[in-house]
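Okay, here's what each chain looks like letter by letter:
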Amino acid sequence: MWKSSVMTMFRTLVVVLVSLSSLGHGNVTQTKIKMGVLLISDDRVPFSVQRVYPAIEIAMETVNTKYLNDSYALESELQVFDNVCNSRNATGFAAKLFYENHVSVFVGPACVYALEGVGRVASFWNIPVITGLGDGGQFKNKTEYSTLTRFSYCQCRLRSVFGSVLKEFGWKDLVIIYDVDDVHSNELGMTLNEGLTQEGYMPIVIKYCECSSQKIQSILQDASKHARDGCQPDWWLFWFLAVVILILPGDTLRMFMLAAHGLGYPQSGDYVFLDVQLFTFPGPYWGDHDWRRDDDSDAAAREAYDAILRLSLSLTEGDDWQTFCRESEFFIGAFHDAILHYGDALNKTLSQGGDILDGYTISRYMWNKTFIGVTGEVIIDRNGDRVTNFAILDMNMDTGHFEVGTA
């Protein structure tokens, strides 16, 4: 009871403060609706402030000129909370933006660990959170994250894609190898293990650490043994049962595939390797997943990569795609589209006489909707998560490039 009273008093105070900060434009009094933008400054990642914030500003201007009437305008309160994904800083600065700057919505964070804390406190404050990433499976829990809307893919959907591939080819036994030292690989590896287990598979998990004394060849030999332990009596499927999912940064992936080539696995035709590279991005975030390094191992690497099936985002492009991003800059477009969709929900709330501080209701205006953004068709499901399409790529041996439908 006391929490409800405190929050009601605080929300009333915010309305008063927003009204007091309103600006006069001729005969029109304009109320500023403040967005708390939480981003990191590491330009090595595709969702840094340097990359994403200009698109946010463009989208904010579009909302102000095309979505809202002259009585309201979005205004950004930018907070760069660190140069790494720091949960403590992100949550602390979110509190500062809420209590001192009186923001009505949070934009970001993008990375999982920072979004966990911000998403929880925003749910308590009943403030919407919109993000162009937040790909962790835990964010499907909208009891915990009741005001969160995600405009990018969810790792949780990857398990369904992998499950469909395994079912299509009759592959039943598999090994997942993931790098625990790499944040993205570690998170995705855990998500896949949990998700495939829920779908009835029993993957053997091998956690790779560069600091380990175990050699990569030995790890692959263990993977081969486990993948074949449960071979089914369907003789015509036998040779396709050694399935290894590699969730590794680009350079590590190449080391594993070269080691596999040294063992003769890819050449035998008895092994299938599955890899995830959702989109290309220069730098260490994914790493370089290409076989090519212009070194003496290129020929062996190219032959080894022929045994890889690669999971990738299937991206469509809206009319304004080139204004904001290339394929490697998907998150830029996702943040832009998030602002536009929030602006549309805000406009609906205002036109119906609703409360712009009611994050729960505003979030539901964004859910179960489809619209066209710079990233193409954006489908937000009933749970506030974007529905994304994925493609399975195979290497074209003539070109050395991974393509759809070359298998």
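Predicted, not measured: the structure shown is a model, and the values here were computed from it.

A.B. asks: Quick one: what's the story with the overall build of the protein chain, residue by residue and with numbers?
C.D. replies: For the protein chain, the count of helices and strands is 13 helices and 15 strands. Within the protein chain, buried positions represent 56% of all 407 residues. A separation threshold of at least 6 residues defines the contact pool for the protein chain, and within that pool the share at least 24 residues apart is 69%. In the form shown here, the protein chain has an accessible surface area of approximately 17,900 Å², with 51% of it arising from carbon and sulfur atoms.

A.B. asks: Give me the lowdown on the nonpolar core, citing residues and values where you can.
C.D. replies: Among the nonpolar cores identified, the biggest contains 91 residues, and Phe 47, Ile 56, Leu 74 and Phe 106 are the most heavily contacted of them. Of all the elements, helix H12 (residues 330-351) adds the most residues to this core, at 11 residues. Sequence-distant contacts of Phe 47, defined by excluding residues within four places in its chain, comprise Leu 39, Ile 40, Val 52, Ala 110, Cys 111, Leu 133, Tyr 285 and Phe 331. Of all hydrophobic cores here, the second largest spans 31 residues; its members include Val 175, Ile 206, Leu 220 and Leu 248.

A.B. asks: So what's going on with the packing of aromatic side chains? Which residues, and what values?
C.D. replies: Per the stated rule, a full pass over the model turns up 17 aromatic pairs. Taking 6.3 Å as the distance between ring centres and 50° as the angle between the ring planes, the aromatic pair formed by Phe 279 and Phe 330 counts as tilted. With a gap of 51 residues between them, Phe 279 in the loop between strand E10 (271-276) and helix H10 (298-305) and Phe 330 in helix H12 connect regions that are remote in the sequence. Classification of Phe 279 as buried rests on a relative accessible area of 1%. The class for Phe 330 is buried, based on a relative accessible area of 2%. Here the aromatic residues Phe 47, Tyr 153, Phe 279, Tyr 285, Trp 286, Phe 330 and Phe 331 are joined through ring pairs into a cluster of three or more. The ring of Phe 402 has Arg 310 sitting right over it, with the charged end atom 4.1 Å from the ring centre. Positioned over the ring face of Tyr 360 is Arg 364, at 3.7 Å from the centre of the ring.

A.B. asks: Would you mind going over the state of the cysteines in detail, with residue names and values included?
C.D. replies: Two cysteines form a disulfide when their sulfur atoms are joined by a covalent bond. Inspection of the entire model under this criterion finds 3 disulfides. A sulfur-sulfur separation of 2.1 Å characterises the disulfide bridge that pairs Cys 154 with Cys 156. Between Cys 154 and Cys 156, the S-S torsion sits near 130°, and that sign places the bridge as right-handed. The pair Cys 154 / Cys 156 is uniform in exposure class, with both members buried. Covalent S-S linkage joins Cys 209 and Cys 211, the inter-sulfur distance amounting to 2.3 Å. Disulfide Cys 209-Cys 211: the torsion about the S-S bond is 105°, which places it as right-handed.

A.B. asks: An account of the side chain of Asn 186 is needed here, citing residue identities and associated values.
C.D. replies: Turning to its location among the elements, Asn 186 is positioned in helix H6 (residues 183-198). Accessibility expressed as a relative area gives 16% for Asn 186, which makes it buried.

A.B. asks: Quick one: what's the story with the packing of helix H8 (residues 250-263) against H10, residue by residue and with numbers?
C.D. replies: Contact geometry for H8 and H10: axes closest at 9 Å, N-to-C directions at 90°. Regarding the angle of H8 to H10, the classification is roughly perpendicular. Where H8 approaches H10, its residues Gly 250, Leu 253, Arg 254, Met 257, Leu 258 and His 261 are matched on the opposing element by Asp 298, Ala 300, Ala 301, Glu 303, Ala 304 and Tyr 305. Taken together, the residues that form the contact of H8 with H10 break down as 7 nonpolar, 2 polar and 3 charged.

A.B. asks: Describe the sheet that holds E10, and please don't skip the residues or the numbers.
C.D. replies: Here we have 7 strands laid out as an open sheet, ordered E8-E7-E9-E10-E11-E14-E15, and mixed in their pairing. Either end of the sheet is taken by a strand with one partner, and the two such strands are strand E8 (204-208) and strand E15 (402-404). Across the sheet, the axes of successive neighbouring strands diverge by a mean angle of 30°, strand direction being ignored. Pairing of E10 with strand E11 (residues 308-313) involves 4 bridges; the strand directions are parallel. Pairing of Phe 273 across the sheet is with Ile 308, part of E11. Together, strand E7 (174-179), E8, strand E9 (242-247) and E10 form the strand contacts of H6, whose direction differs from that of E7 by roughly 155°.

A.B. asks: Residue-level account of helix H13 (residues 359-366), with values.
C.D. replies: In an α-helix, one turn spans 3.6 residues; hence positions three or four apart end up facing the same way. Inspection of H13 places Gly 359, Ile 362, Ser 363 and Met 366 among the buried residues, and these make up the whole buried set. Each buried residue of H13 lies within a common arc of 100° when the element is viewed along its axis, so the set occupies one face. Looking at the buried side of H13, the elements it contacts are strand E5 (129-131), strand E6 (148-150), H12, strand E12 (369-373) and strand E13 (376-380). Looking one or two residues beyond H13, the residue adopting positive phi is Asn 368, at roughly 55°.

Calculation criteria
Residues numbered from 1 in each chain as written. Predicted model: local features only at pLDDT ≥ 70, side-chain atom pairs only at ≥ 80, totals over all residues. Heavy atoms only, no water. Helix = DSSP H or I, 4+ residues; strand = E, 2+ residues; numbered from the N terminus. Buried < 20%, exposed > 50% of the residue type's maximum accessible area, 1.4 Å probe, protein only. Contact = heavy atoms within 4.5 Å. Areas by Shrake-Rupley, 256 points an atom, 1.4 Å probe, with all protein chains shown as cover. Core = buried A, V, L, I, M, F, W, Y, C linked by side-chain atoms within 4.5 Å. Phe/Tyr/Trp six-rings, centres within 6.5 Å; stacked < 30°, edge-to-face > 60°. Lys NZ or Arg CZ within 6 Å of the ring centre and 35° of its normal. Disulfide = S-S within 2.5 Å. Axes fitted to C-alpha atoms, helices over the stretch in contact; angles between N-to-C directions. Parallel < 35°, antiparallel > 145°, perpendicular 65-115°, else oblique. Nonpolar A, V, L, I, M, F, W, Y, C, P; charged D, E, K, R; others polar. Pairing = 2+ DSSP bridges. Arc of directions from axis to C-beta.

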